[in-house]
Each structure stands twice: as C-alpha cells, then as structure tokens.
Amino acid sequence: MDDNPLQVLTVATAPYPDQRPGTSGLRKKVYVFQSRRNYLQNFIQSIFSSIDLRDRQGSTMVVGGDGRFFNQTAIEVIVQMAAANGVGHLIIGHRGIMSTSAVSCVIRKYKAIGGIVLTASHNPGGPEGDFGIKFNTANGGPAQEAVTNKIFQISRTIEEFAICPGLRVDLASLGKQMFDLENKFKPFTVEIVDSVESYANLLRNIFDFAALKELLSGENHIKIKLDAMHGGAFKP
C-alpha cells in the first residue's frame, strides 16, 4: 500500500439518452463504449448513485465478467469508481473472469450489497462484437425493474462522476490489495478470488460430483461437446 493517498476526482460529464438497462443489463457494441466520451463511466456512476449512500459507504461489492474483449478495461474503471464512491471492499474474479452464476453465489456468500457482471451473454464478443454491463442486487439475482428504472433515470440527468484515476489493481494476483484514498478514513480493499471455488463448493452440495465424474470418465463414460457460446466456462 502506497504511503501517498490516492486522489479522488469529480469529473463533469453529459448524459446519454440510450442507457436503459433491462434484466440482462445494458448491451451495446464495443465501439459504443470505446468511442463515446464517458459512456462507460456514466452508466457505472448511475449504478452507484442508485444505491443509497448509507448502504454504499464501506460496503462489499462483487465484480466479474465472461472475459470477452473490453472486460479488463471496464474492470479498471469500475475499481477506480467503486473506490471513489465509498465502496469499502471489492471482490473480483481472478483475471477479471467470473461467470454470472458464480457472481451470484459470491454476492450471497460475502453478503455483498450487489455485483456488476460484465457480459453480453451469448452475443458474440470481440472488437466488433457486443459488450454488456448488468447489476445484480444483494439476493444475487438481476436488479428488478424498479432498480433498473432508477439507474436509467439517473443516467438521463447525470452531470458528474467520481473516480480515482491513479488506482491500479493487479487482477492476476490472488489475495487482498489495499489502497489509501484522500479523505477516506479506511483503506479501500480489492480482493482477487478464485473464479470457480465458491461456486464449485456450492454445486458439490447440490450434485453428486463423484457420480458425474464416473459418468464422464468411467469405464462406460459418455462423450459430450461443450460450446460456451461466448460465455464464461471453466474446468474446475
């Protein structure tokens, strides 16, 4: 942790009229996020501003994505903005990757107030493909319409966002990283966690993994073909 507190900035911005999220979040072509000034920052600030300040201060949130193009760029911005908006503890999947269902599991396990999922589901990714941002609430599920409507209304009138541009996190290193911010009494903590472990442990309590292993690798095993269709897929 650096001895010099990191600066928190308030940056002026202008709203966009097309940031209405559905239950599947906000989905746009990657170039929209890349080419429109503060497009990503506006939507992320609208998510944070939709959460009551008293609930947000010192809270825990979860971030993860399916690893598609622009995933790590977006996470860097989200980390910087989470710190500036009073979040105290950010849990992120290793290398920024965590499936939607794993994010839901981790939100509930750590009693987080919510999570940001970076995915466009099965829409193709890549520089010419799609990118998406979804907000899940404390129950681990997608934000209900009342919440997404609030996010949209904020996005239509947003005038500024808070960010800590000097904050850099290492997504490749498991464990906790702590940062001192100016005018903050407690350090901001980023925790990089195994992308699969919590969710796999949950599934072990639901399914018979030994039976599944026998089915897939035993003497009379079956063969299956997996197509993740641009989503996050892991081998536990």
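Definitions and limits used
- Residues numbered from 1 in each chain as written.
- Predicted model: local features only at pLDDT ≥ 70, side-chain atom pairs only at ≥ 80, totals over all residues.
- Heavy atoms only, no water.
- Salt bridge = Lys/Arg side-chain N within 4 Å of Asp/Glu carboxyl O.
- Buried < 20%, exposed > 50% of the residue type's maximum accessible area, 1.4 Å probe, protein only.
- Helix = DSSP H or I, 4+ residues; strand = E, 2+ residues; numbered from the N terminus.
- Pairing = 2+ DSSP bridges.
- Phe/Tyr/Trp six-rings, centres within 6.5 Å; stacked < 30°, edge-to-face > 60°.
- Axes fitted to C-alpha atoms, helices over the stretch in contact; angles between N-to-C directions.
- 1 Å grid on protein atoms, 1.4 Å probe; cavity = no way out; pocket = protein on both sides within 12 Å on 5 of 7 lines; lining within 4 Å.
- Points joined across faces, edges and corners; volume = space filled by probe spheres on them.
- Nonpolar A, V, L, I, M, F, W, Y, C, P; charged D, E, K, R; others polar.
- Contact = heavy atoms within 4.5 Å.

Novice: Would you mind going over the pattern of salt bridges with me for this structure?
Specialist: When charged atoms on two side chains of opposite charge get close, those side chains can pair. Counted by the stated rule, this structure contains 5 salt bridges. D52 is the salt-bridge partner of R54, the closest N and O atoms lying 3.0 Å from each other. With relative accessibility at 72%, the residue R54 sits in the exposed group. Residue classification places D52 among the partly exposed residues on the basis of a relative accessible area of 33%. Across the pair D66 and R68 runs a salt bridge whose closest N-O atoms are separated by 3.1 Å.

Novice: How should the pairing of strand β5 (residues 114-118) be read in this particular structure?
Specialist: Along any regular strand the residues' side chains alternate between the sheet's two faces. Among the 5 residues of β5, 5 are classified as buried, and the element is accordingly described as predominantly covered. Every second residue of β5 is oriented toward a common face, with G114, I116 and L118 on one face and G115 and V117 on the other, all of them buried. Pairing geometry for strand β3 (residues 60-65) and β5, over 5 bridges, is parallel. Across the sheet, the residue bridging to V62 is G115, located in β5. As paired elements, β5 and strand β6 (residues 130-137) share 5 bridges and run antiparallel to each other. Following the sheet pairing, I116 is matched in β6 by F135.

Novice: Whenever I open this one, the packing of aromatic side chains confuses me. Can you help?
Specialist: Ring pairs (aromatic) are described by centroid distance and by the angle formed between their planes. Within the structure shown, the criterion is met by 6 aromatic pairs. Ring geometry for F179 versus F188: centroids 6.5 Å apart, planes at 35°, classification tilted. Its relative accessible area of 13% is what places F179 among the buried residues. When its relative accessible area of 2% is taken as the criterion, F188 is described as buried. Within the aromatic cluster, the residues linked to one another by ring pairs are Y16, F33, Y39, F70 and F131.

Novice: Before we go on, may I ask you to explain the sheet that holds strand β8 (residues 175-179) in this structure?
Specialist: In a beta sheet, neighbouring strands pair by backbone hydrogen bonds and run either parallel or antiparallel. Spatially, β2-β6-β5-β3-β4-β9-β8 is the arrangement adopted by the 7 strands of the open sheet, whose pairing is mixed. Looking at the sheet topology across the chains shown, the edges are occupied by β2 (26-29) and β8. Shown here is a sheet whose adjacent strand axes are inclined to one another by a mean of 20°, direction ignored.

Novice: Please explain the layout of surface pockets as it appears in this structure.
Specialist: Using a probe with the size of a water molecule, rolled over the atoms, empty space left in the structure can be pinpointed. By volume, the second largest pocket amounts to about 190 Å³. Taken together, 13 residues line the second largest pocket, and the ones lying closest to its centre are G58, G86, G88, K184 and K186. Taken together, the residues that form the lining of the second largest pocket break down as 6 nonpolar, 5 polar and 2 charged.

Novice: Would you take a moment to explain the environment of I133 for this structure?
Specialist: Mapped onto the elements, I133 comes out in strand β6. The buried category is assigned to I133, whose relative accessible area is 0%. Excluding its chain neighbours within four sequence positions, the residues that come into contact with I133 are G25, L26, F33, L40, F43, I44, I47, I116, V117, L118 and T119.

Novice: I keep staring at empty space enclosed by the protein and nothing clicks. Help me out?
Specialist: Following the criterion strictly, the structure yields 1 cavity of 30 Å³ or more and no others. Estimated volume of the largest cavity: approximately 60 Å³. The wall of the largest cavity is formed by P21, G22, T23, G25, F43, I133, K134, F135, P142, A143, T148 and I151. Residue assignment for the lining of the largest cavity shows that the elements contributing at least two residues are β6 and α6 (145-157). The element contributing the most residues to the lining of the largest cavity is β6, with 3 residues. Its residues assigned to classes, the lining of the largest cavity comprises 7 nonpolar, 4 polar and 1 charged.

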